[in-house]
Amino acid sequence: MDDLQHMDTCSVPGSSLDLTIPGICEGYLMKRRKYPLKGWHKRYFLLEKGILKYSKTQQDIQRGKLHGSLDVSLAVMSVNKKSKRIDLDAGDNLYHLKVTDTTQTPSMGRHSRRAPSVAESMAEYFDASEVIVCETSSEAEASDESGLSDITTTSTSEPEEGHGRRTALPAPGSDNNHIGIMTILYNNIGKDLSRVSMPIALNEPLSLLQRLSEELEYSELLDIANQIDDPYERMVYVAVFSISGYAWATWRYGYKPFNPVLGETYENPREDRGFSYVGEQVSHHPPISACHAESENFTFWQDQRWKYKFWGKSVEIISSGMVNVTLPKYGDHYEWNKAVTCIHNVLSQQRWLEHYGEVVIKNTKSDVCTCKITFVKSRYWSSDNSKNEVQGVVLDRAGEVVHRFGGLWHEGIFCDTLPTPKCIWKPNVQPDDYSDFYGFSQYARELNELTPELKAVLPPTDTRFRPDQRLLEEGKLAEADKMKDMVEEKQRERRKEMAKRGEEHVPRFFRKTLDEAGREVWLSNGTYWKLRKDPGFAKTENLDLW
C-alpha cells in the first residue's frame, strides 16, 4: 500500500515530494473470515481517497452493496512481506488481509503513473506472527452478514445471594488513565504481551487461576444437564454453560488479571454450589494454567495457554487448550475450544470488548449430537444493541438441526426449539457499585477473600497469599508496584538456580499426559484435597514463592 504513505505528503506546502493525488486501487485479496473466524475467503477491495471498501465482487461495490469499510488514515498498518500479509487496525475494525497465488494483486486506476502492490508498504511496523490456524470452515461460504432472529430473554431468576461472603473489596479500584499504555504497547507491537511486565495499576486483584474459576459461576447449568435424559437438550445446557463463562467480560475490560508465577496455586471450595476447584500454574514459558473442579453432577477441567496480540489499536486474547466436562449420570465427556476475545480502542477511554469465532462442542463418548456456537463479530455499521450476539445449533448425526438457541452473551440465552421455549440462562444482576470495584460481580468479589478458616488450611502457594495482589486489593498501589517487581525477580532467580542445578520445575498437583486425540494436556493427579486433609499443608514441604 504505497499509496497510503503518499497521502500523508500530499498536503505539505513547498515540498518537492510527489504531490500526485493517489488513484483508485482495486482488486481481489484474501480476508480472514469474521463469520466464523476460521480460515480465509476471497473478497474484492477498493481503495479510494483513503477509504478501503470491500465486498464479494466488483459489481457489488459498484452497486453500493458493501460488506465493510475502513478509513485507512485512522488505522495502524503492519505488513509482513514474506507472508504477503497486511493487518489494518482502526480500533473499531480489524482487517487481516493477504495475497496468495490465486489472487491477483490489486491494480491502480486513474490518476496514477504507477501500479503499486497492496502486499508492499514503506511503513513496515513489525512481522506479526500467525496465531490462528487457517482452515476451511465447515460453512464454506457463510455470508459476512449474519445475525440472530429477534430473541427476547424472559428469565425471572433472582440475583444470587452472597452466602455470608464479603460483598465489597477493602478499597475501590485505582484510576489507571494516567498510565502510558501507548508507549508500553507500541514498544511491544506484534509481541506476545503475556511475557511483557505491565504496571500494576493495569491489574485487577485477581489472578488468571481465579479468572478460570469464574467460568464456574453458573455451574447450576451443569447440575441441570446431568439430570436431563434427552441428549440433544442436555447438549443445549452444556453449550449455554460454555457461553456463560464469557459474561464477566462486559464490565472488566479496563484491567487485566495477574499472571500467576510458576508453582502458584488456587483453591475454591464452594459447598454452597456443590463443587471444589483447584488450579496451578504448571509452566512459565509458555505460560500454562491448569485447573480441575469436581461435583456430584460434573467434573470440569482445562489447561489454557494465552497469547495477547497487539495490532496497533486492538488487543486480541487467544486461548489454546480444550475445556472438558463430564456428566457422570450418562457417561458423557464434552470438550470444546474457546472464542477469541478482542479489546478495541485499547489506547483510548472508549474501549470496548467483544468475543468472536466458532466454538465446537463434541461428546467424545457418543456421536449422537454435536454443537456449533458462533460468537458473531460486530460489523462497522452495528448499533450497540446488536453487539455481543451469539447463536448456536445442536446437530444430529446426519448434520440436521435439532435445536437452535441464541441471544447476547452478556444478557442471556433463549432456546425456542425446546418443548417449552424458554430463557435457559441470564447473568446475575451486577452490584450497584460494580464500577467502583473493577467491575467485579458478587462472585468475583469472593474469590480473593481470605478468612481465618481458609488461612489455616491453605498452602502458602495459594494466590490469596500473593503480597502484591493483596496490596493492590487494599488500595496500596505504590507498595504493590514495588512488591510486584520483587515477586517477579524472585521467580527469575529461582529459575536461574534450578537451571544451574540442571533441574526442571515439577508441578505438584497436575501431571502432563496425552489425551485421546494425542494432544498434550495437564490433568489433576488427585492429591490436592488428600494432602489438605492429611497431613495438612502446614506439615508438608512447600515452595517459597513470595
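Per an unreviewed UniProt entry, the protein chain goes by Oxysterol-binding protein and derives from Dicentrarchus labrax. Check the Sequence similarities (unreviewed entry) section of the UniProt entry for the protein chain; it says "Belongs to the OSBP family."

The next point concerns the overall build of the protein chain. Check the secondary structure of the protein chain and you find 11 helices and 26 strands. Evaluated residue by residue, the protein chain yields a buried proportion of 55% over its 546 residues. Taking all contacts inside the protein chain whose residues are at least 6 apart in sequence as the whole, residues at least 24 apart take part in 60%.

This brings us to unusual backbone geometry. Between H285 and P286 the backbone carries a cis peptide bond, its omega angle lying at 0 degrees. The topology assignment puts P286 in the loop between β12 (275-283) and β13 (288-295). The peptide bond linking D534 to P535 adopts the cis configuration, its omega dihedral lying at 15 degrees. In this fold, P535 is placed in the segment after α11 (528-533). Its identity is not glycine, yet N388 carries a phi of approximately 70 degrees, on the positive side. Among the structural elements, N388 can be located in the loop between β20 (369-375) and β21 (389-396). Given a relative accessible area of 11%, N388 falls into the buried group. Unusually for a residue other than glycine, Y438 sits at a positive phi of about 60 degrees. Relative to the helices and strands, Y438 is located in the loop between β24 (422-425) and α7 (442-446). For Y438, a relative accessible area of 3% corresponds to the buried category.

Time to look at the environment of R470. Inspection of the secondary structure puts R470 in helix α9 (residues 467-473). Sequence separation between R470 and L450 is 20 residues; the distance between their C-alpha atoms is 9.9 Å. Beyond its immediate stretch of four places on either side in the chain, R470 contacts R166, N448, L450 and R464.

Helix length check: helix α6 (residues 231-244), at 14 residues, gives a terminal C-alpha distance of 20 Å against a target of 20 Å (1.5 Å per residue), a fit within 8%. For α6, the tally of buried residues reaches 12 of 14 residues, placing the bulk of the element in the interior. Among the residues of α6, those classed as buried are E233, R234, M235, V236, Y237, V238, A239, V240, F241, S242, I243 and S244. The backbone nitrogen of Y232 lies 3.2 Å from a side-chain oxygen of the residue at the head of α6, namely D230.

So, how was this worked out
Residues numbered from 1 in each chain as written. Predicted model: local features only at pLDDT ≥ 70, side-chain atom pairs only at ≥ 80, totals over all residues. Heavy atoms only, no water. UniProt positions renumbered as here; feature names shortened; annotations may be inferred. Helix = DSSP H or I, 4+ residues; strand = E, 2+ residues; numbered from the N terminus. Buried < 20%, exposed > 50% of the residue type's maximum accessible area, 1.4 Å probe, protein only. Contact = heavy atoms within 4.5 Å. Expected span 1.5 Å × (residues − 1). Polar contact = N/O pair within 3.5 Å; in protein donor to acceptor, adjacent residues only side chain to side chain.

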